[in-house]
Amino acid sequence: MNQTRWTVLGAGSLGCLWGGYLNMAGMPVTLIHRHSVPAPDNLTLTPFQGNAEIPFQAELTTAKECPTESISQLIVATKAPDALDAVRGIAHALTPDAAILVLQNGMGAQQAIAEAFNDYAIIAACITDGAYRTSPGHVVHAGKGVSRIGALNEKGLQAEAAVLAQLQKMDLATEHCPDIYQALWNKLAINIAINGLTALDQCLNGELRVPARLARVKKLCQETEQVMRALQLSLPEEGLFYLAQSVIEGTAHNRSSMLQDTQKGKSTEIEYINGYLLDQAHTLGIDTPENQAVYDAVIARFH
Ligand code: NAP
């Protein structure tokens, strides 16, 4: 039986990770790159805790080169600020029944795609795996997590079971998430508490465990709780601050994705993390001064 091809938009860390695992599970893959171009006969994935670089196959192309109505399964693996424009750039190549799987961190990019491309099946993934590139086309699966998958629109609901059945062939943990909005918010809340501060103080997650920094983490969590409560979202029984502290403890040696972006001289996803909270708080009339301070400082320093 012919396998349906997966097209991965963005040949970065996560794009190569998902493209690599999909191909290793026997599925044909196309990787759409932009500036940093991997070599097609030299794509490798180092599995979690593995030593060997395992080769995988993918067709490499650009959005412009994709033929009209040639993509029925698209994975959007760009950073959040690039995601909507990237999908617009490939819209000509989508088949009318295409499924679009969005992998972005934070919130806002997924919703913008769901709004602009509501005629397609839109499905989001909330990912706790970690990956990094050693060079274009070479990816290391650095942290084992799980990807929770759930529909963002009506067509997504119809397509999610078939999409998940294919994803579950990968050697990457995936599971169905009946309330992906809540799952994305849960992850967002932790990112709000940790990412901006680690970027500003250029510190590891565990280095937030000093009183002055924890006091800021606490304020960020309290503001997020107010917004989540107003949106009628569930909150952890023990409170967000407690949860954030246990994540900080459990990931003490990790460099947050925002710290990594700033250390590579890249712009950050702050707009889709603390910035998203600020937008929601503004609409709800809730004051969130600590989030504003973190947001303003990250923008001033890194953008
Ligand atoms: P990344 O390594 O920077 O990869 C993003 C890729 O998208 C880059 O290769 C970039 O190309 C490409 N891109 C941007 N616009 C494009 C366009 N219009 N057409 C084609 N390619 C385009 O970022 P990442 O780490 O994979 O992260 C992707 C998303 O997943 C982020 O939202 C991130 O927060 C989330 N995430 C990442 C991880 C992780 O461990 N890496 C884990 C969980 C979630 P250029 O390099 O040419 O600019």
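As the structure is a computational prediction, the values presented were derived from the model and not from experiment.

A separate point is the UniProt feature "domain: Ketopantoate reductase N-terminal" (unreviewed entry) in the protein chain. Within this numbering scheme, the UniProt entry marks residues 6-153 as carrying the feature "domain: Ketopantoate reductase N-terminal" (unreviewed entry). Counted over residues 6-153, helix gives 20% and strand 39%. Its end C-alpha atoms are 20 Å apart.

Further remarks concern the UniProt feature "domain: Ketopantoate reductase C-terminal" (unreviewed entry) in the protein chain. Per the UniProt annotation, the sites labelled "domain: Ketopantoate reductase C-terminal" (unreviewed entry) are residues 179-299. Taken end to end, residues 179-299 comprises 67% helix and 0% strand; its first and last C-alpha atoms sit 31 Å apart.

Attention shifts here to the nonpolar core. Within the largest apolar cluster, 65 residues are counted, with the highest numbers of intra-cluster contacts made by Val76, Ile90, Ile100, Ile113 and Trp185. With 13 residues, the single largest contributor to this core is helix H5 (residues 180-200). When neighbours within four sequence positions are excluded, Ile90 is seen to be in contact with Leu9, Ile32, Ala63, Cys66, Ile71 and Leu74. If you look at the next biggest cluster of nonpolar residues, it comprises 32 residues, including Ala11, Leu31, Leu101 and Leu167.

With that settled, consider the pairing of strand S3 (residues 43-46). Neither face of S3 is exposed, since Leu43 and Leu45 on one face and Thr44 and Thr46 on the opposite face are all buried. Bridge count for S3 against strand S4 (residues 54-56) is three bridges, and the pairing is antiparallel. Counterpart to Leu45 in the pairing with S4 is Ile54. Relative to strand S10 (residues 138-143), S3 is paired through three bridges, and the arrangement is parallel. Bridge assignment links Thr44 to a residue of S10, and that residue is His138.

Glancing now at the environment of Arg148. Here Arg148 lies in strand S11 (residues 147-151). Relative accessible area serves as the criterion here: at 29%, Arg148 is assigned to the partly exposed category. Along the primary structure Arg148 and Gln104 are separated by 44 residues, whereas in three dimensions their C-alpha atoms are 12 Å apart. Ignoring sequence-local partners within four residues, the contact set of Arg148 consists of Ala124, Ala125, Cys126, Glu175, Cys177, Ile180 and Ala183.

Bringing the sheet that holds strand S9 (residues 130-135) into the picture now. Ordered by their spatial adjacency, four strands build an open sheet running S4-S3-S10-S9, and the pairing between neighbours is mixed. Whereas interior strands pair on both sides, the edge strands pair on one side only; in this sheet they are S4 and S9. Across this sheet, the average inter-strand angle for adjacent strands is 30°, counted without regard to direction. Running over the sheet, helix H1 (residues 13-24) touches S3, S4, S9 and S10 and is turned about 85° from S4.

So, about the site of the ligand. The full set close to the ligand counts 27 residues, and Leu14, Arg34, His35, Ala131 and Glu269 are the nearest of them. A distance of 2.7 Å is found between an oxygen atom of the ligand and a side-chain nitrogen or oxygen belonging to Arg34. Ala131 places a polar main-chain atom, nitrogen or oxygen, 2.7 Å from an oxygen atom of the ligand.

The description of two aromatic rings rests on the distance between their centres and on the angle between their planes. Following the criterion strictly, the structure yields two aromatic pairs and no others. For the pair Phe117 and Tyr120, a centre-to-centre distance of 6.1 Å together with 50° between the ring planes defines the contact as tilted. By relative accessible area, Phe117 is classed as buried at 9%.

Before going further, it helps to examine the sheet that holds strand S7 (residues 94-102). An order of S5-S2-S1-S6-S7-S8-S11-S12 is seen for the eight strands of this open sheet, with the pairing classed as mixed. The sheet is open, and its two borders are formed by strand S5 (59-61) and strand S12 (174-176), each paired with just one other strand. The average angle at which neighbouring strand axes cross in this sheet is 25°, direction not considered. Where S11 lies against S12, three bridges are found, and the strand directions are parallel. Among the inter-strand pairings, Ser147 is bridged to a residue of S12, identified as Thr174. Across the sheet, helix H4 (residues 154-167) lies against strand S1 (6-9), strand S6 (71-76), S7, strand S8 (121-127), S11 and S12, angled at about 50° from S8, the strand it touches most.

What follows deals with the pattern of salt bridges. Evaluated as defined, the whole model comprises 10 salt bridges. Salt-bridge contacts for Arg34 lead to Asp82; the nearest nitrogen and oxygen are separated by 4.0 Å. You can see Arg34 sitting in the loop between strand S2 (29-32) and S3 and its partner Asp82 sitting in helix H2 (residues 80-88), a full 48 residues away along the chain. Under the relative-accessibility criterion, Arg34 is labelled exposed at 57%. The class for Asp82 is partly exposed, based on a relative accessible area of 32%. Asp85 is paired through a salt bridge with Arg88; the nearest N and O atoms lie 3.6 Å apart. In this pair, Asp85 and Arg88 both sit in helix H2, three residues apart, roughly one turn of the helix.

The rules behind the values
- Residues numbered from 1 in each chain as written.
- Predicted model: local features only at pLDDT ≥ 70, side-chain atom pairs only at ≥ 80, totals over all residues.
- Heavy atoms only, no water.
- UniProt positions renumbered as here; feature names shortened; annotations may be inferred.
- Helix = DSSP H or I, 4+ residues; strand = E, 2+ residues; numbered from the N terminus.
- Core = buried A, V, L, I, M, F, W, Y, C linked by side-chain atoms within 4.5 Å.
- Buried < 20%, exposed > 50% of the residue type's maximum accessible area, 1.4 Å probe, protein only.
- Contact = heavy atoms within 4.5 Å.
- Pairing = 2+ DSSP bridges.
- Axes fitted to C-alpha atoms, helices over the stretch in contact; angles between N-to-C directions.
- Near = heavy atom within 4 Å.
- Polar contact = N/O pair within 3.5 Å; in protein donor to acceptor, adjacent residues only side chain to side chain.
- Phe/Tyr/Trp six-rings, centres within 6.5 Å; stacked < 30°, edge-to-face > 60°.
- Salt bridge = Lys/Arg side-chain N within 4 Å of Asp/Glu carboxyl O.

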